[in-house]
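Residues per chain, in single letters:
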Amino acid sequence: MENYLVAENLKKVYQEGEKAIIALSEVNLSLKRGEILVIFGPSGSGKSTLLHLLAGLDRPTEGKVWLDGADLSGFSDEELARLRNEKFGLIFQFYHLLSEFTILENVILPLSIRRKKGSSKVYQEKASSLLTEFGLSQRMNFRPAQLSGGEQQRVAIARALINNPEIIFADEPTGNLDRQASNFLLESIRKLNQENHQTFLLATHNEMVARIASRVLNLREGRIV
Ligand SMILES: Nc1ncnc2c1ncn2[C@@H]1O[C@H](COP(=O)(O)OP(=O)(O)OP(=O)(O)O)[C@@H](O)[C@H]1O
Ligand SMILES: [Mg+2]
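Along each chain, the written sequence defines residue order, and numbers are assigned to residues from 1. Labels follow written order: the first chain is A, the first ligand is 1, and so on. In view of the model being predicted, local features appear only for residues whose pLDDT reaches at least 70, and side-chain atom pairs are presented and counted only at 80 or more, with totals across whole chains, interfaces and linings using the full set of residues. Each side-chain value is derived from all of the structure's non-hydrogen atoms; neither hydrogens nor water enter the calculation.

Student: Mind showing me how you'd approach the nonpolar core here?
Tutor: Nonpolar side chains in soluble globular proteins generally cluster together in the buried interior. What is meant by a nonpolar core is a set of buried Ala, Val, Leu, Ile, Met, Phe, Trp, Tyr and Cys residues, joined one to another through side-chain atoms within 4.5 Å. Residue burial is assigned from relative accessible area. The probe radius is 1.4 Å, only protein chains are included, and a residue is buried under 20% of its type maximum, exposed over 50%, and partly exposed in between. Core analysis: the biggest nonpolar cluster contains 38 residues, and Leu 131, Val 155 and Leu 202 have the highest contact counts within it. Under the DSSP-based scheme used, a helix requires at least four consecutive residues in state H or I and a strand at least two consecutive residues in state E, with every element numbered from the N terminus. Elements supplying a minimum of two residues to this core: strand S3 (36–40), helix H3 (103–114), helix H4 (120–133), helix H5 (149–161), strand S7 (167–171), helix H6 (179–196) and strand S8 (199–204). Counting residues per element, this core draws most heavily on H5, which supplies six residues. Note on definitions: a residue-residue contact is assigned when non-hydrogen atoms from the two residues lie within 4.5 Å. Apart from the residues lying within four places of it in its own chain, the contact partners of Val 155 are Leu 97, Ile 103, Asn 106, Val 107, Leu 131, Leu 136 and Leu 147. Counting residues in each nonpolar core, the second largest holds 29 residues, with Tyr 4, Leu 54, Ala 55 and Leu 217 among its members.

So, in structure tokens, the structure goes:
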């Protein structure tokens, strides 16, 4: 099978005044459609940095990211934003829920940005069925600040899935979940992967996540080891 996502010799340097922080170097990886790739590494090893580069949220200092044969360095910021909205589901480490909107509105947001054909009623139904699946049927009209960390994380996951993305990037998806909620989430990911053939790239330091991986890559101090 063709490679879907490829990272070629990625390097990321953050310039902090005089000091250069090398967050990633010589990172090569490739992901086929339908895989669940887990990037495993301790805090500070570069997981979030790598995910941001692969999802087109930030640009590498050196090296390239290819998606479906296209070199992302040739995409404008606008084109990257469109690509993310159409093909990617993003679950961030800090959920980035919009505080002035309800849970239901937060989940529908990617669909309204896309102005996809379909009535808002259809969006609402889809969002509410996802929220129900994640145990939040009683919370739909709440605002993010009224939810626990784990509940907010589940909202962020529902929002990432609403567009039916080809690939889901998740940064520490079990970060705020207890063992039971983590198990439930991992089983949901496995199910989406098997039934909808969605591809996943998960960054984590939680060993439980490796259980559902097709492959695990270990990241240490910015390098795959
Ligand atoms: N915007 C930034 N400016 C400067 N340094 C940064 C920036 N973002 C990350 N870093 C540094 O790059 C390294 C990798 O950070 P990153 O956030 O990718 O790690 P991580 O593996 O996601 O850690 P965690 O598990 O704690 O989320 C760290 O040393 C961090 O301090
Ligand atoms: Mg991180």
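Student: Looking at this structure, I do not really get the sheet that holds S3. What am I missing?
Tutor: As a general point, the strands of a sheet are linked pairwise by backbone hydrogen bonds and lie either parallel or antiparallel. With respect to topology, six strands assemble into an open sheet ordered S6-S7-S8-S3-S9-S10, the strand pairing being mixed. Strands with a single pairing partner mark the edges of an open sheet, and in this sheet they are strand S6 (88–91) and strand S10 (223–224). Pairing of S7 with S8 involves five bridges; the strand directions are parallel. Each bridged residue has a counterpart across the sheet, and for Ile 167 the counterpart in S8 is Thr 199. To get an axis, a line is fitted to the C-alpha atoms, and for a helix only the part in contact is used. The angle between two axes follows their N-to-C directions and goes from 0 to 180 degrees. With respect to the sheet, H6 is in contact with S3 and S8, its orientation differing from that of S8 by roughly 155°. Whether two strands pair comes down to DSSP finding at least two bridges between them.

Student: Teacher, can you tell me more about the site of ligand 1 here?
Tutor: If even one non-hydrogen atom of a residue comes within 4 Å of a molecule or strand, that residue is called near it. Looking at ligand 1, there are 13 residues lining it, with Ser 43, Gly 44, Lys 47, Ser 48 and Thr 49 nearest. Residues adjacent in sequence count toward polar contacts only when both atoms are side-chain atoms; beyond that, a polar contact is any pair of N or O atoms within 3.5 Å, and within protein one must be able to donate a hydrogen and the other to accept it. Between an oxygen atom of ligand 1 and a main-chain N or O atom of Gly 44, the distance comes to 2.8 Å. Between ligand 1 and the protein, one listed contact pairs an oxygen atom with a side-chain N or O atom of Lys 47 at 2.7 Å. Protein chains shield 66% of the accessible area of ligand 1, which is 630 Å² for the free molecule. Where the shell around ligand 1 is concerned, the elements lending two or more residues are strand S1 (3–16), strand S2 (19–32) and helix H1 (47–54). Ranked by residues supplied to the shell around ligand 1, first place goes to H1 with three residues. Amino acid classes used here: Ala, Val, Leu, Ile, Met, Phe, Trp, Tyr, Cys and Pro are nonpolar; Asp, Glu, Lys and Arg are charged; the rest, including Gly, are polar. Looking at the shell around ligand 1, its residues break down into four nonpolar, seven polar and two charged. Note on areas: Shrake-Rupley with a 1.4 Å probe; residue coverage comes only from the protein chains shown.

Student: Is there a simple way to think about unusual backbone geometry in this case?
Tutor: Peptide bonds are trans in most cases, and residues, glycine excluded, mostly fall at negative phi. Phi is positive for Glu 172, close to 50°, though the residue is something other than glycine. Tracing the chain through its elements places Glu 172 in the loop between S7 and H6. One non-glycine residue, Glu 221, lies in positive phi territory at about 50°. Tracing the sequence through the fold places Glu 221 in the loop between strand S9 (215–220) and S10.

Student: Is there a simple way to explain the pattern of salt bridges in this structure?
Tutor: Oppositely charged side chains can pair when the atoms bearing their charge come close. What counts as a salt bridge is simple: a side-chain nitrogen of Lys or Arg found within 4 Å of a carboxyl oxygen of Asp or Glu. The full count for this structure, using the stated rule, is eleven salt bridges. With its nearest N and O atoms 2.9 Å apart, the salt bridge here joins Asp 68 to Arg 33. On the criterion of sequence distance, the pair formed by Asp 68 in the loop between strand S4 (62–67) and strand S5 (70–71) and Arg 33 in the loop between S2 and S3 is long-range, its members being 35 residues apart. Among the residues examined, Asp 68 registers a relative accessible area of 42% and is labelled partly exposed. Among the ionic pairs, Glu 166 bridges to Arg 33, the shortest N-O distance being 3.6 Å.

Student: Quick question: what am I supposed to make of the environment of Ile 91 here?
Tutor: As for its position among the elements, Ile 91 is in strand S6. Residue classification places Ile 91 among the buried residues on the basis of a relative accessible area of 7%. As a C-alpha pair, Ile 91 and Phe 169 span 78 residues in sequence and 6.1 Å in three-dimensional space.

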